[in-house]
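# Fold and geometry: a report
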Amino acid sequence: MESDGKSLRVIRHGTQLGELSGRSVHAALAGADVAIRRLVMPLMPKLELLEAAKWELKDQVAFPIQEAALDVRVLGEVVEQDVKKQDVLAAAAPSRAVSALIGELTRARLRIESISPQSCAAWECVAALIPEARRGSVAVLDIGCSQTSIVIAHDGAPQLVREIAFGSDLLTQALVGTVALDDGGAVTIDRPMAERLKQRHGILSDAAEGKTDENIPLFHLASLMRPVMEQVLTELSRLFDFYKTQGHSAGVQRLLICGMDATLSNLQVSLSEGLGIPVEVFNPLQHLPQPSKTAADELPEAEGSRLAAAIGLALSHGQGVNLLPRASQTANAAGDATANRTPRLAAAVGLIALAVTGGFLAAVGISQWHVSRQQRLWQQIEPAYTQRLNQDEANRSLDAALDIVQTFFERQPLWGSLLKELAALVPATIELTECHIEFEGERRIARLKGRVIAAGNGGGVAQLAEALERSPFFSDVNLIDSEVRSSEMGASTFSLEAFLE
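Residues numbered from 1 in each chain as written. Predicted model: local features only at pLDDT ≥ 70, side-chain atom pairs only at ≥ 80, totals over all residues. Heavy atoms only, no water.

Attention now goes to the nonpolar core. Of all hydrophobic cores here, the largest spans 44 residues; its most connected members are L141, I189, F240 and L271. The element that contributes the greatest number of residues to this core is helix α6 (residues 218–245), accounting for 12 residues. Not counting chain neighbours up to four residues away, the residues in contact with L141 comprise T148, S149, I150, I164, L236, L255, L256, I257, C258 and L271. Counting residues in hydrophobic clusters, the runner-up holds 43 residues, among them V138, V151, L256 and A308. (Core = buried A, V, L, I, M, F, W, Y, C linked by side-chain atoms within 4.5 Å. Buried < 20%, exposed > 50% of the residue type's maximum accessible area, 1.4 Å probe, protein only. Helix = DSSP H or I, 4+ residues; strand = E, 2+ residues; numbered from the N terminus. Contact = heavy atoms within 4.5 Å.)

As a further point, take the environment of P64. Relative to the assigned elements, P64 resides in the loop between α1 (46–57) and β5 (68–80). Each C-alpha atom of the pair P64 and S95 lies 9.6 Å from the other, and the pair is 31 residues apart in sequence.

Of note in this structure, D155 is not a glycine but carries a positive phi near 50°. Given the relative accessible area of 49%, D155 is considered partly exposed.

What follows covers the packing of aromatic side chains. Counted by the stated rule, this structure contains one aromatic pair. Pairing W55 with F473 gives two aromatic rings, centres 5.1 Å apart and planes at 0°, and the pair type is stacked. Here W55, found in helix α1, pairs with F473, found in the loop between α13 (461–470) and β17 (474–483); they are 418 residues apart in sequence, far enough to count as distant. With a relative accessible area of 11%, F473 lands in the buried category. (Phe/Tyr/Trp six-rings, centres within 6.5 Å; stacked < 30°, edge-to-face > 60°.)

Our focus in this paragraph is the sheet that holds β5. As a general point, the strands of a sheet are linked pairwise by backbone hydrogen bonds and lie either parallel or antiparallel. Read from one edge to the other, the open sheet built from three strands follows the order β4-β6-β5, with strand pairing classed as antiparallel. This sheet does not close on itself; its edge strands, each paired only once, are β4 (35–42) and β5. Averaged over neighbouring strand pairs, the angle between their axes works out to 25° when direction is ignored. Running at roughly 65° to strand β6 (residues 83–94), helix α2 (residues 95–107) makes contact with β5 and β6 of the sheet. (Pairing = 2+ DSSP bridges. Axes fitted to C-alpha atoms, helices over the stretch in contact; angles between N-to-C directions.)

The end-to-end C-alpha distance of α2 is 18 Å, a good match for the 18 Å that 13 residues give at a rise of 1.5 Å each. Within the span of α2, buried status applies to A97, V98, L101, I102 and L105. The arc that holds every buried residue of α2, seen down its axis, measures 130°, which confines them to one face. Among the exposed residues of α2, those pointing more than 90 degrees away from its buried face are R96 and R107. Positive backbone phi, approximately 60°, marks R109, located one or two places after α2. (Expected span 1.5 Å × (residues − 1). Arc of directions from axis to C-beta.)

With that settled, the discussion passes to the pattern of salt bridges. Tallied over the full model, the rule gives 19 salt bridges. Across the pair R73 and E124 runs a salt bridge whose closest N-O atoms are separated by 3.0 Å. With a gap of 51 residues between them, R73 in strand β5 and E124 in helix α3 (residues 118–129) connect regions that are remote in the sequence. Residue class for R73 comes out partly exposed when judged on its relative accessible area of 31%. The residue D169 makes a salt bridge to R191 at a minimum N-O spacing of 2.4 Å. On the criterion of sequence distance, the pair formed by D169 in helix α4 (residues 168–175) and R191 in helix α5 (residues 191–201) is long-range, its members being 22 residues apart. Residue classification places D169 among the partly exposed positions, given a relative accessible area of 22%. A residue is classified by how much of its surface remains accessible, and R191, at 38% relative accessible area, is partly exposed. Via salt bridges that share partners, E195, K198 and D261 belong to a single interconnected network. (Salt bridge = Lys/Arg side-chain N within 4 Å of Asp/Glu carboxyl O.)

Moving on to the packing of α4 against α6. The packing of two helices is summarised by the inter-axis angle and the distance between the axes. Contact geometry of α4 with α6 gives a least axis separation of 9 Å together with a crossing angle of 140°. As for the relative orientation of α4 and α6, their crossing is right-handed in sense. On the side of α4, the interface is formed by L170, L171, A174 and L175, while α6 contributes L221, L224, M225, V228 and M229. (Left-handed = near helix turned anticlockwise from the far one by under 90°.)

Positionally, G450 belongs in strand β16 (residues 443–452). Taking relative accessible area as the criterion, G450 reaches 4% and is therefore assigned buried. Aside from chain neighbours lying at most four places away, what touches G450 is E431, L432, T433, S492, T493 and F494.

Strand order in this open sheet of five strands is β10-β9-β8-β13-β14, and the pairing throughout is mixed. The open sheet has two free edges, formed respectively by β10 (157–164) and β14 (279–281), since each of these has just one partner strand. Averaged over all neighbouring strand pairs, the angle between strand axes comes to 20°, with direction disregarded. Strand direction decides the pairing type here: strand β8 (residues 137–143) and strand β13 (residues 254–259), joined by six bridges, are parallel. Looking at β13, one finds that I143 is bridged to G259.

Here's what the structure looks like:
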């Protein structure tokens, strides 16, 4: 799909990427590699929030979070124990998957504006085209080839996003094999035949009667598909039950399905009966406003449900979580600024040329009275002009100061998490008297000073150093100085040094 901000246009199936060279695109990334989680985080700036989200996600994803593309979207504010916090949707994907997608689109000479998780794009399509879906708890099931994504949203905000091991190809694969016939013969079902049988007969029940054109009993096809359907119903039921435990006791009230084979015969009925909730096939082409209805006229109705993610990207223009590396986003923004300056520059050149011509004519034929009048006019506007120059200079100074402040905050550790970690690590027999951070090149060094306030089994300096070494916050812990004193002279003191990760 292609959008100009007012309408959608179909780019026909089979179009090569090279034919779209030079265009800006919003891309979607799908599959089990994309992890999306909801987090409750303290109020903090965006850059610090990204770093904090890495720590929260590191044990929740199956890939190294430090090497992942990550973005967050603040959904709103929540209050926990009378403290305001942020409700955050965080998305992460391995850098290799993001780089592979960028490489393919770049080779086609496409300008990548954003990379969104496909599940989020499908939900954005539903939210944009069906306003009532933004009320209550609604789930969107986007069926893929081997993986299916599900988004559960409450009052328009995504609450739970997961990938489940179900796809249209699994139903096809379940039918592949050799089937014994009643007359003693046998039929070998290969993949092309399995796909034809699936599309022709859909999801069959155990009570199905009759035979296919190949003389295969329909109840036998039903028995082959049953394990796949039982698996998807089990996984969906578990997700819906988990959703109830997260403070949504009413549970999911409506399920919309889209993607590959969403229109498969009896799939909607099977899901509705198995889950006990209304299930609808979502065809975004039926909900497009004018003048975008022209897109619906160009495609068969059965193909509409496959376009949910594509239409979601076209309608939202990639707003939301964006896995495109920040360097690429900055380059895009700079390119847009240059493009926007070009018409203004041309207009300025035209004005300058006009002013030069006018000045030449004035030198030839304009009277001294007119020159004096211009001088009086200049005297009137000079204070405002001078004030504007001073304002511009102040703005430049302010921008420079903001850059310095931003750099300062980017180099600071997450003090809340750091202090919480220290409080958990320090033994009861140790009292910290000083903690400060210094920079050595690009690395940060934490210097800790303290004293041993009691002897016993509560742990000492060695235990503290060992605990710091095991912490994800610190590395290369060294004892810099220690002074052991007798009980009559006072407490023993020590100094530790460690690199801050």
